[in-house]
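Residues per chain are reported as follows:
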Amino acid sequence: MKFQASKGTYDVMPDQVHLWQHIESVIREQSRIYGFKEIRTPVFEDTALFVKGTGDTTDIVQKEMYTFTDKGQRSITLRPEGTPPVLRALIEHNTLKEQPCAKVFYLAPMFRYERPQAGRMRQHTQFGAEVLGSHSPLADVEAISLLFFTLQKLGLGGLSLRLNSLGCAQCRPPYRQKLTDHFKPMLPELCDNCQDRYNRNPLRILDCKIDQAKFKDVPEMKDFLCGDCKTHFQAVQDRLKDIEIPFTLDKNLVRGLDYYTRTAFEVISQHLGAQDALGGGGRYDGLMEDLGGSPAPGVGFGSGLERYVLALKNQGVNLPPEKRPDVYIATLGDEAVKKGSLLCSQLRQKGLACEQELLGRSLKAQMREAGRLNARYVALIGEDEIRKGLVTLKDMDQHQQAEVAFDELVVNVPKYCQCE
Ligand SMILES: [Zn+2]
Ligand SMILES: [Zn+2]
């Protein structure tokens, strides 16, 4: 029997992990600079949290969740998105009572039973963030700019924003009614998915890729926005202009989730082709209350690191070089092996990245290994060196070598090794 990674999952092998670690470290540093603190919630939650939070009319809840009954007969779901768990945690820990505005981010695996395709996997890694407690358009811009400038910091070019406003609890219902009236006569021409959405949430019809061409004279939310929503949306646009985040208004951008109010956005890259979104999100002013918390507005985003990786590769972005071992210890003979292993331990305790031979190969093979690992120095210990109490230190970049007393090397490492 031969095992393989499950459909829609993948391994990040040691020779690729550097890229992921680089992305993750940029995300953590950017989040710190923008004042977002990391939050870590469990991989699984009560199924009801997503049915209520994500919304039972969404594709996620209808088709894509990994749901199972545990041995205690509870219905459990592997988290398909980050926002409901984060809000659940903030409510459970009364966070907004002590701190009326909370900014958090997460970097964590999500699970969706989808048809796997490039950059879309059944287990994928999401960078997401939420700003809770503020109605201000600046909160929207805070979330948008964290995502946008993190992608820019990673070296991605051709970035811009798609932007829309979905209105609020006052102005959306009349719009929804108008849409329902509009779609009613054309319903037979629309795809099965749209027929289904018509009953559940007609706004989601605008999301349909198949029927997009039929939506040219669909009523637009912007004509229905109430005064407050209009002012809010205008301020979001003005602040985005101030900080030079390019955007285009997209009247059909409704996003795949039911909870969005007012701002909805996607960050797109010119270099990604048809599936050009690198991430997106929006405002969700009713969600805290829906999940049993005190009413509090919120805005946030989610984005998939798999898509970052694709975009970085497509654009051929140069990454900082992988850290190399400082010293490779090559040994010949039993005494040298013992001495080498001691030296290795002592240099590591001084903070140097050290490698030693574990397969007992020939000196020639060990030198080849040092080359493969791109070690900065090789500390060679053979029979000669043992007799003299020395180490032959080879500088692999300068192609020079020197004999250094064993104890002297350990005590004065910086003098001998100009290590990065
Ligand atoms: Zn409104
Ligand atoms: Zn359709």
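One can find the structure itself at the top, above this paragraph.
Residues numbered from 1 in each chain as written. Chains lettered and ligands numbered in written order. Predicted model: local features only at pLDDT ≥ 70, side-chain atom pairs only at ≥ 80, totals over all residues.

**Some points on the nonpolar core**
Phase 1: Grouped together as the largest cluster of nonpolar side chains are 63 residues, with contacts concentrated most on Val 104, Ala 129, Ala 143, Ile 144 and Leu 147.
Phase 2: No other element matches helix α6 (residues 137-153), which puts 8 residues into this core.
Phase 3: Contact partners of Leu 147, with chain neighbours within four places excluded, come to Val 267, Gly 279, Phe 301 and Ser 303. (Core = buried A, V, L, I, M, F, W, Y, C linked by C-beta atoms within 7 Å. Buried ≥ 20, exposed ≤ 12 C-beta atoms within 10 Å, placed from the backbone. Helix = DSSP H or I, 4+ residues; strand = E, 2+ residues; numbered from the N terminus. Contact = placed C-beta atoms within 7 Å.)

**A word on helix α2 (residues 47-55)**
Phase 1: Restricting attention to buried positions, one finds in α2 the residues Phe 50, Gly 53, Thr 54 and Gly 55. Across the axial projection of α2, the buried residues extend over an arc of 150 degrees, all falling on one side.
Phase 2: Structurally, α2 contributes buried residues whose contacts are with α3 (59-64), β4 (75-78), α4 (83-92) and α10 (287-290). (Arc of directions from axis to C-beta.)

**Topic: α6**
Phase 1: Under the 1.5 Å per step criterion, the end-to-end length of α6 is 24 Å for 17 residues, consistent within 8% with the ideal 24 Å.
Phase 2: Within α6, 12 of the 17 residues are buried, which leaves it mostly tucked inside the rest of the structure.
Phase 3: Every buried residue of α6 is listed here: Pro 137, Ala 139, Asp 140, Val 141, Glu 142, Ala 143, Ile 144, Leu 146, Leu 147, Phe 148, Thr 150 and Leu 151.
Phase 4: In the segment just after α6, Gly 155 is the residue with positive phi, at about 100 degrees. (Expected span 1.5 Å × (residues − 1).)

**A look at the sheet that holds strand β11 (residues 298-304)**
Phase 1: Strand order in the open sheet formed by 8 strands is β1-β5-β6-β11-β10-β9-β7-β8, and the pairing between neighbours is mixed. Only two strands of the sheet have a single neighbouring strand rather than two, namely β1 (37-38) and β8 (247-249).
Phase 2: Examined bridge by bridge, strand β7 (residues 159-165) and β8 share 3 bridges and lie parallel to one another. Considered in β8, the bridge of Leu 163 is made with Leu 249.
Phase 3: Strands β1, β5 (102-111) and β6 (123-132) of the sheet are contacted by helix α1 (residues 17-33), whose axis makes an angle of about 160 degrees with β5.
Phase 4: Its contacts with the sheet place helix α11 (residues 305-314) against β6, β9 (261-269), β10 (277-283) and β11, and it is angled at close to 110 degrees to β6. (Pairing = 2+ DSSP bridges. Axes fitted to C-alpha atoms, helices over the stretch in contact; angles between N-to-C directions.)

**Regarding the packing of α6 against helix α9 (residues 227-242)**
Phase 1: One way to put it is that α6 packs onto α9 with a least axis distance of 9 Å and a crossing angle of 45 degrees. Viewed along their axes, α6 and α9 adopt a mutual orientation that is oblique. Note that α6 runs across α9; the crossing there is right-handed. Residues Pro 137, Leu 138, Asp 140, Val 141 and Ile 144 of α6 form the contact with α9, whose participating residues are His 232, Ala 235, Val 236, Arg 239 and Leu 240.
Phase 2: Class assignment of the residues belonging to the contact of α6 with α9 gives a composition of 7 nonpolar, 1 polar and 2 charged. (Parallel < 35°, antiparallel > 145°, perpendicular 65-115°, else oblique. Left-handed = near helix turned anticlockwise from the far one by under 90°. Nonpolar A, V, L, I, M, F, W, Y, C, P; charged D, E, K, R; others polar.)

**Some remarks on the pairing of strand β12 (residues 327-331)**
Phase 1: For β12, the tally of buried residues reaches 5 of 5 residues, placing the bulk of the element in the interior.
Phase 2: Residues Val 327, Ile 329 and Thr 331 line one face of β12 and the alternating positions Tyr 328 and Ala 330 line the opposite face, and both faces are buried.
Phase 3: By the bridge criterion, 3 bridges tie β12 to strand β13 (residues 354-356) in an arrangement that is parallel. Within β13, the position partnered with Tyr 328 by the bridge is Glu 355.
Phase 4: The parallel pair β12 and β13, bridged by helix α12 (residues 334-349), forms a crossover whose chirality is right-handed.
Phase 5: When β12 meets strand β14 (residues 377-381), the two strands line up parallel, connected through 5 bridges. Considered in β14, the bridge of Ala 330 is made with Leu 380. (Right-handed = clockwise from strand over helix to strand, strands pointing away.)

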